[in-house]
Amino acid sequence: MAIELSKAAHAQALASIERYFQQEHGERIGNMTAGALLTFFLADIAPAIYNEAISQAQERMQARVSELDIELHEDAFTYWSRRAARR
């Protein structure tokens, strides 16, 4: 699955890459160079980050699902014991 950004996020990412090179390295890179770098990041590095995020979300969901029996457990066949307790 290719990782894609919305148009707005893509534009912000390009601007951020250009700003990074200008402020951190004193180099001006053009929009095309920033775009090529962003394409590389999205194709090569982003999947590793995405997969880690999915793995963490999956762990959290599995932890929550494993707690369902504790949170939502109802004892069965308690009618008679509750009725006897009221007497």
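So, how was this worked out
- Residue numbers restart at each chain and count upward from 1, following the sequence in its written direction.
- Only residues with pLDDT of 70 or above have their local features reported here, since the model is predicted, and side-chain atom pairs are shown and tallied only from 80 upward, although totals for entire chains, interfaces and linings are computed over all residues.
- Here the side-chain values reflect all heavy atoms present in the structure, with hydrogen atoms and water set aside.
- Strands are runs of DSSP state E lasting at least two residues, helices are runs of H or I lasting at least four, and both sets are numbered from the N terminus onward.
- Given a helix with a known number of residues, its expected span is that number minus one, times 1.5 Å.
- The contact criterion used throughout is that any non-hydrogen atoms of two residues lie within 4.5 Å.
- Here an angle of 0 to 180 degrees is reported between the N-to-C directions of two axes, which are lines fitted to C-alpha atoms, with helices fitted over the stretch in contact.
- Throughout this description, any angle smaller than 35 degrees is read as roughly parallel, any larger than 145 degrees as roughly antiparallel, any in the 65 to 115 degree range as roughly perpendicular, and the remainder as oblique.
- Residue polarity is assigned by list, with Asp, Glu, Lys and Arg as charged and Ala, Val, Leu, Ile, Met, Phe, Trp, Tyr, Cys and Pro as nonpolar; anything else, Gly included, falls into the polar class.
- Definition used in this section: a nonpolar core is a set of buried Ala, Val, Leu, Ile, Met, Phe, Trp, Tyr and Cys residues joined via side-chain atoms within 4.5 Å.
- Partly exposed residues are those whose accessible area sits between 20% and 50% of the maximum for their type, while under 20% is buried and over 50% is exposed, using a 1.4 Å probe and protein chains only.
- Patches were defined on residues exceeding 30% relative accessible area and lacking a salt bridge, with like-charge contacts within 9 Å and nonpolar side-chain contacts (Val, Leu, Ile, Met, Phe, Trp, Tyr) within 5 Å.
- For the accessible areas, the method is Shrake-Rupley and the probe is 1.4 Å, while residue cover comes only from the protein chains on display.
- Every case where a carboxyl oxygen of Asp or Glu lies within 4 Å of a side-chain nitrogen of Lys or Arg is listed as a salt bridge.

Draft legend 1. Spotlight on helix α1 (residues 7-25). In this model, α1 (19 residues) spans 27 Å end to end at C-alpha, consistent with the 27 Å of a helix rising 1.5 Å per residue. Residues of α1 that are buried make contact with α2 (31-66).

Draft legend 2. Spatial organisation of the packing of α1 against α2. Put simply, α1 and α2 touch, their axes get as near as 9 Å, and they point 110° apart. Viewed along their axes, α1 and α2 adopt a mutual orientation that is roughly perpendicular. The segment α1 lies against α2, with His 10, Ala 13, Leu 14, Ile 17, Glu 18 and Phe 21 engaging Asn 31, Ala 34, Gly 35, Leu 37 and Leu 38. Residues belonging to the contact of α1 with α2 are distributed by class as follows: seven nonpolar, three polar and one charged.

Draft legend 3. Structural detail: the nonpolar core. In terms of nonpolar packing, the biggest core is built from eight residues, these being Ala 13, Leu 14, Ile 17, Ile 29, Ala 34, Leu 38, Leu 42 and Ala 46. When residues of this core are traced back to their parent elements, those giving at least two are α1 and α2. Sorting elements by how many residues they give to this core places α2 first, with four residues.

Draft legend 4. Inspection of a nonpolar patch on the surface at higher detail. On the surface, a nonpolar cluster with roughly 360 Å² of combined accessible area is contributed by Phe 40, Phe 41, Ile 45 and Ile 49. Using a relative accessible area of 57% as the deciding quantity, one classes Ile 49 as exposed.

Draft legend 5. Structural detail: the pattern of salt bridges. One pass over the structure, following the stated rule, counts two salt bridges. Residue Arg 64 is joined to Glu 67 by a salt bridge in which the shortest nitrogen-to-oxygen separation is 3.4 Å. The class of Glu 67 is partly exposed, set by a relative accessible area of 32%. Arg 64 is the partner of Glu 71 in a salt bridge, and the nearest nitrogen-oxygen pair spans 3.3 Å. Through salt bridges with shared partners, a single ionic network connects Arg 64, Glu 67 and Glu 71.

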